[in-house]
Amino acid sequence: MKKAFLTLVIAATVALVYGQNNTTAQESSESSTETYTPPKFYYGGGLNLTFGSVTEVGISPLVGYKVTPQFSVGSQLTFEYFKYDRGSYDYNATNYGASLFTRYRFVPQVYAHMEFSMMNYDFQTYQGDSNRDWVPFLFVGGGFSQPISKNTWVNAQLLFDVIQDDNSPYKDWEPFYTIGVGVGF
């Protein structure tokens, strides 16, 4: 009787251990097939805030799409309020525009950036006359991304306007710096 009881306990223990191992193996094979896939769309933008004799308040939301993990395309809208208060001369304007961009990531943090942008500026003269005109830009440069969470990062980029339109505020290959936040959903 003792042998039968001992055999039954051993068989139950083996079955229990085998069942636990089988379940664990099943769970680990299921969890190993689940992999994180980064989102294809990402959103972000920038915010400009300057106060003093020159005041600028602007917002530039953007949306991008990752064609491949390294290559993405997107668009951006820009709206800015600009005020220059200099004694007898007071200038304020509302400017707006849009752009299309492309990025190529050499490594996850470093990328090349090219952007075609059209901005509608309100040009005013010292006599108080004003007219609106579209100004084209072709920004070429690169940037650096620093992740701050799983789906959020900070971008800093250095761009140059290669078109150099007569009405461009960026003269003589003056660099254009931007810092923004991106979020992938």
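Residues numbered from 1 in each chain as written. Predicted model: local features only at pLDDT ≥ 70, side-chain atom pairs only at ≥ 80, totals over all residues. Heavy atoms only, no water.

## A few points about the pairing of strand S7 (residues 152–161)
Direction of pairing for strand S6 (residues 130–149) relative to S7: antiparallel, over a ladder of ten bridges. Note on S7: the bridge partner recorded for Phe139 is Asp161. Linkage of S6 to S7, two consecutive antiparallel strands, is achieved through a turn of two residues. (Pairing = 2+ DSSP bridges. Helix = DSSP H or I, 4+ residues; strand = E, 2+ residues; numbered from the N terminus.)

## Let's talk about unusual backbone geometry
Trans peptide bonds make up the majority, and among non-glycine residues the majority have a negative phi. A positive phi angle is found at Gln164, which is not glycine, with a value near 55°. Residue position: Gln164 is located in the loop between S7 and strand S8 (175–184).

## Overview of the nonpolar core
If you look at the biggest cluster of nonpolar residues, it comprises seven residues: Met119, Tyr121, Val135, Phe137, Phe139, Leu159 and Tyr170. The set of elements that each furnish at least two residues to this core consists of strand S5 (110–124) and S6. Looking at this core element by element, the count peaks at three residues for S6. Once residues within four sequence positions are removed from consideration, Phe139 is found in contact with His113, Met114, Glu115, Ser117, Leu159, Phe160, Asp161, Tyr170 and Phe176. (Core = buried A, V, L, I, M, F, W, Y, C linked by side-chain atoms within 4.5 Å. Buried < 20%, exposed > 50% of the residue type's maximum accessible area, 1.4 Å probe, protein only. Contact = heavy atoms within 4.5 Å.)

## Here we look at the confidence of the model for the protein
Across the protein, the average pLDDT comes to 79, with 76% of residues at or above 70. For the protein, helix H1 (residues 2–33) is the element with the lowest average pLDDT, namely 44, and S5 is the one with the highest, namely 93. In this model, residues 4–29 is a region of pLDDT below 50 whose contacts with residues beyond four sequence positions or in other chains number zero contacts. (pLDDT = per-residue confidence, 0-100.)

## Some points on the side chain of Asp122
Among the secondary structure elements, Asp122 is positioned in strand S5. Those residues in contact with Asp122 that sit more than four places away from it in its chain are Tyr91, Asn92, Ala93, Thr94, Asn95, Ser130, Asn131 and Arg132.

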